[in-house]
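What the coordinates show
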Amino acid sequence: MGLWIEILRSSILAAIPIALASLGGAFTYYTDVFNVALEGMMLVGAFLAVIGSYFTGSWAMGLLVGALGGLVIGIIFALFAVYMGADHFVTGMALNMFAVGGTTFTLRRLFGIKGALVSSRIVGIPSWNIPLLSKIPVLREVISGHPFAVYIALLLIALSHYLLFRTKWGLRLRAVGEDAQVLDSLGVSSRRIKTLSILGSGILCGFGGAFLSLGYVALFAEGMTSGRGWIALSVINVSRGRPWGLLLVSLVFGFFEGLGMSLQGMGLAPQFPQMIPYIITIVAVYVYSRRERRVKAA
Amino acid sequence: MHSDFIQMRSIVKVFQPATVALDGVSVDINQGEIHSVIGENGAGKSTLMKVLYGMVAPDSGEIYFKGQKVNFSSPRDAVKAGIGMIHQELMLIPSYTIWENVVLGAEPANRLGRLESKEARAQVQALVDEYDLGLSIDERVADVSVGARQKVEILKLLYRDIDTLIMDEPTAVLTPQEIRELFRWVSQAKAAGRTIIFISHKLAEVLEISDRITVMRRGKTITTVENKGLDKSFLARAMVGRDVVFSVSKPPQEPGQTILAAENLHYTDADGQKKLDGVSLKVRRGEIVGLAGVEGNGQFELVQALVGLIQPQQGSIKLKGQEIVPLPISKRRELMSYVPQDRKSWGSAQPLSLQENVIMTHHMTNTALQGRLRWMLSRRKTRQLANTIKEEFEVVVPNIDVPFFALSGGNQQRAIVGREFMLDNDLVILDQPTRGLDVASIEYIQERTLQKRADGQGILLISTDLDELFSLSDRILVMYRGQIVADLRPEETSPEEIGEYMLLGAKGGDNE
């Protein structure tokens, strides 16, 4: 029992960064921007969040600076991909490499350390007990008492769903992905909408990265996103960008990541459990494409 | 009626590197008139209208609207001034419902941006009722006919309270009945005081509805005339710059033995839609079989099944007695010539040279092109073939090494038709062979097609242009919802009758 609760708790924690990044990617998914820079946006977010927290001593500033970091990557991406007409994939890959190199370099120059920055000056995101939920037995042990950003993430998912499917902005945004010319012919700039969607994805990925470095733990390790941006990309595809759907898919990924961590604690060689989320990604994409093909063949 | 409603003065537009689309064009549009702008493809009609609509910035020239000099830098400005445009390719989001498409970009919403869908639906429904458009506003655009989609475009303009309406070739994809309905609506709009600019190259239509007509040729305005006592040949001469033969002559000819026999073809696509529902047809030697139908009724799938791009789930296709369903495309192409409807992405490889494009398929089937080694092509022989096609089919290019995309649409199509006709197969499938071409190229391709018929080859001609079907075909088949619902001789039927079959699948609505 206790073990299962532990696994479920850790799956939520592991799911949130992926959910946030894929939520960001959902916006670009709908505007038909091939956003492979999710990984880089997350990494910069994770790094700057730790830096922000380290120097100001405030987790809130950390979150803010992390989100801004993602935004900056988004601005560069939009500048090249939307306004200068560069290839989305090449631009995204360049930014990913820049993120790895830039964060590692800065970490080493600034602190003179290799590997990970661990310090008591880094303030993590505090946990929060939800007043009503914390009264329900069993469930409270799974859901309540998480870093407070978990609840913000859920709120953001609800807000994004509303924005995408209930507002005029959502109507326009989804139309851009289907046929940008239609909007241009109506006098609505599709470029602007594409740019905004990229900036939005930057902020959300930066936030997701910040959660990774300040939510679970309070440290930054080189390349600590370790492919979560790519997992997010497949989450978006499997859930077709539906906000609640991608939360669900993220939770599945989170579950396997959590399972992996718990298995590590049980003395299994750590490399095996670490593989699990990536194997699941391959399986998920495979199952998804099989389903797609079956729909097409029917 | 104000005569200084819209004035376009000396408009020049050059598309880099060196295409002069508009060469000092001046046109006046009066308020409340139906003003047609006619000209061949490439004459600059669409570009001129895009300049007026703010989609294309002119290099020089001035536009006055209601006496004021205006400078529309985007369609938004034009829409604000009350000018709307219906484009040749409809500007709709297929997965959205009709009402969502209508309000898109001008949505009723509260201060938080929440879409007031109830209010939006009510407004759109009111317009549908008022103008008697007969649309159900909750249907997805992807699920409705082309005619209905055009009405959605009209609704978009009504919703935005547009009083000047530019329509770019609105009748190109409509059946005669739908055209009638469109014209009824256009006259109604004129009666309500709206100004309509109608772009077309179909002379009969232009003569029927216009108050005044402006003729354009090669980026210049040739003349603007009142529509009084004009006839087709006058307009055609102004448009083309020479006399035009309106109907190609088709000598009577008895068809020979059957070349193509398709039996009971069934095909259901990936979305579960039945596209071919028991199609059988025959094409005989020395016969042109025309295939009509509203787009999306299975003509496309039928051609794909014949060529081998899709596998029918049931049925047989016999070519000269041989069953070809199990054959791969490359084997089938040794037996049939095929001009696809999409010249750019299916009919050619745009970045490659003319030479490379015209030897395609020949390079697989024609062993005479081999070099000393069997698996190599002889450079000399392929160039020879390419030059022959260029000469024979009057492709106007400096040499055969120019990239294909540098050719005009008419020249591209001549090259593709030339390639396919040179294969010299007994069956020729022509899918929209003259769509979007200039008059001279249309005439030319139609004549070559009749030549093929005289040579005793069998031709299947798919076309949305009923005039073309009537002047070329020996029989006209009509497809409706995946079935062939009519098989008529052109001299015994009329475009109206064909139109009824296209729309209803039966004559006069009596479903047999």
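In this convention, every chain numbers its residues from 1, walking through the sequence in written order. All chains are assigned letters beginning at A, and all ligands numbers beginning at 1, according to the order in which they are written. Totals for whole chains, interfaces and linings use all residues, but because this is a predicted model, local features are given only for residues with pLDDT of at least 70 and pairs of side-chain atoms are given and counted only at 80 or more. In computing side-chain properties, one takes all heavy atoms of the structure into account and sets aside hydrogens as well as water.

As for the interface of chain A and chain B
Worth spelling out the cut-off: The contact criterion used is simple: two residues touch if any of their non-hydrogen atoms lie within 4.5 Å. Reported buried area values correspond to the accessible surface (1.4 Å probe) lost by two parts on association, with both partners' losses combined. Whenever a carboxyl oxygen of Asp or Glu lies within 4 Å of a side-chain nitrogen of Lys or Arg, that contact is scored as a salt bridge. By the criterion applied in these results, polar contacts are pairs of N or O atoms within 3.5 Å in which, for protein atoms, one can donate a hydrogen and the other can accept it, and in which residues neighboring in sequence qualify only through two side-chain atoms. Helix and strand definitions follow DSSP, with helices as H or I runs of at least four residues and strands as E runs of at least two, each counted in order from the N terminus. In this classification, Asp, Glu, Lys and Arg are treated as charged, Ala, Val, Leu, Ile, Met, Phe, Trp, Tyr, Cys and Pro as nonpolar, and every other residue, Gly included, as polar.
Contact with chain A, which involves 24 residues of that partner, is made by 27 residues of chain B. Here chain A packs against chain B, burying approximately 2,100 Å² in sum over the two surfaces, 57% of which is carbon and sulfur. The largest share of the area that chain A buries against chain B comes from L171, S185 and L186 of chain A, three residues that together contribute 29% of it. Applying the counting criterion to the chain A and chain B interface returns one salt bridge. The tally of links from chain A across to chain B stands at nine residue pairs in polar contact (both at pLDDT 80 or more). Sorting the residues of the side of chain A that touches chain B by element identifies α6 (149-166), α7 (168-178), α8 (180-185) and α12 (271-297) of chain A as the ones contributing at least two each. Counting residues per element, the side of chain A that touches chain B draws most heavily on α7 of chain A, at eight residues. Considered class by class, the residues forming the side of chain A that touches chain B number 11 nonpolar, five polar and eight charged.

Concerning the pattern of salt bridges
For the structure shown, the criterion picks out 32 salt bridges over all chains. Connected via shared salt-bridge partners are R284, E287, R475 and D487 of chain B.

Re the packing of helix α2 (residues 38-56) of chain A against helix α4 (residues 88-111) of chain A
Residue and element names in this part refer to chain A. Here is the rule we go by: Lines fitted to C-alpha atoms define the axes here, with helix axes fitted over just the stretch in contact, and angles between the N-to-C directions of these axes take values from 0 to 180 degrees. Oblique is the label for every angle not falling under 35 degrees (roughly parallel), over 145 degrees (roughly antiparallel), or within 65 to 115 degrees (roughly perpendicular). Here a crossing is called left-handed whenever its near helix is offset anticlockwise from the far helix by less than a right angle, and right-handed whenever the offset is clockwise.
The N-to-C vectors of α2 and α4 enclose an angle of 20°; their axes lie 7 Å apart at closest approach. Put simply, α2 runs roughly parallel to α4. The chirality of how α2 crosses α4 is left-handed. Across from E39, G40, L43, V44, F47, I51, Y54 and F55 in α2, the residues of α4 making contact are N96, A99, V100, T103, T106, L107, L110 and F111. Residues that form the contact of α2 with α4 fall into these classes: 11 nonpolar, four polar and one charged.

Topic: the environment of S250 of chain A
Residue and element names in this part refer to chain A. Within the secondary structure, S250 is located in helix α11 (residues 243-265). Each C-alpha atom, one on S250 and one on I75, is 26 Å from the other, the two residues being 175 residues apart in sequence. Ignoring any residue separated from it by four or fewer positions in sequence, one finds S250 in contact with A15, I18, A19, S22 and V235. At a separation of 2.6 Å, a polar atom in the side chain of S250 contacts the main-chain carbonyl oxygen of L246.

A short note on the packing of aromatic side chains
Residue and element names in this part refer to chain A. Worth spelling out the cut-off: Side-chain rings of Phe, Tyr and Trp (the six-membered ring for Trp) are treated as a pair once their centres are within 6.5 Å; stacked means planes under 30 degrees apart, edge-to-face means over 60, and tilted covers the remaining angles.
Scanning all chains against the criterion turns up 12 aromatic pairs over all chains. Summarising the aromatic geometry, the rings of F34 and F89 are spaced 5.9 Å apart at their centres and angled 15° between planes, so their arrangement reads as stacked. Residue F34 is located in the loop between α1 (2-30) and α2, and its partner F89 is located in helix α4; the two are separated by 55 residues in the primary sequence. Considering the side-chain rings of F55 and F111, the 6.3 Å spacing of their centres and the 25° angle between planes classify their relative orientation as stacked. Within this pair, whereas F55 is found in helix α2, its partner F111 is found in helix α4, the two being separated by 56 residues in sequence. One aromatic cluster is present, formed by Y29, Y30 and F165 through successive ring pairs.

Quick word on the domain arrangement of chain B
Residues and elements named next belong to chain B. What counts, and what does not: Residue ranges assigned to the domains are those given by an automatic or database domain assignment.
Domain annotation of chain B identifies domain 1 (6-240) and domain 2 (258-335 + 425-509). Contacts between domain 1 and domain 2 engage eight residues on the former and 14 residues on the latter. Interface area for domain 1 against domain 2, summed over the two sides, is near 950 Å², with a carbon-plus-sulfur share of 63%. Looking at the side of domain 1 facing domain 2, the largest losses of area belong to N41, P176 and Q177, adding up to 42% of the total buried there. At the boundary of domain 1 and domain 2, one finds zero salt bridges. Along the contact surface separating domain 1 from domain 2 lie one residue pair in polar contact (both at pLDDT 80 or more). With three residues, helix α6 (residues 176-191) is the largest single contributor of residues to the side of domain 1 that touches domain 2. Residues of the side of domain 1 that touches domain 2, tallied by class, amount to three nonpolar, three polar and two charged.

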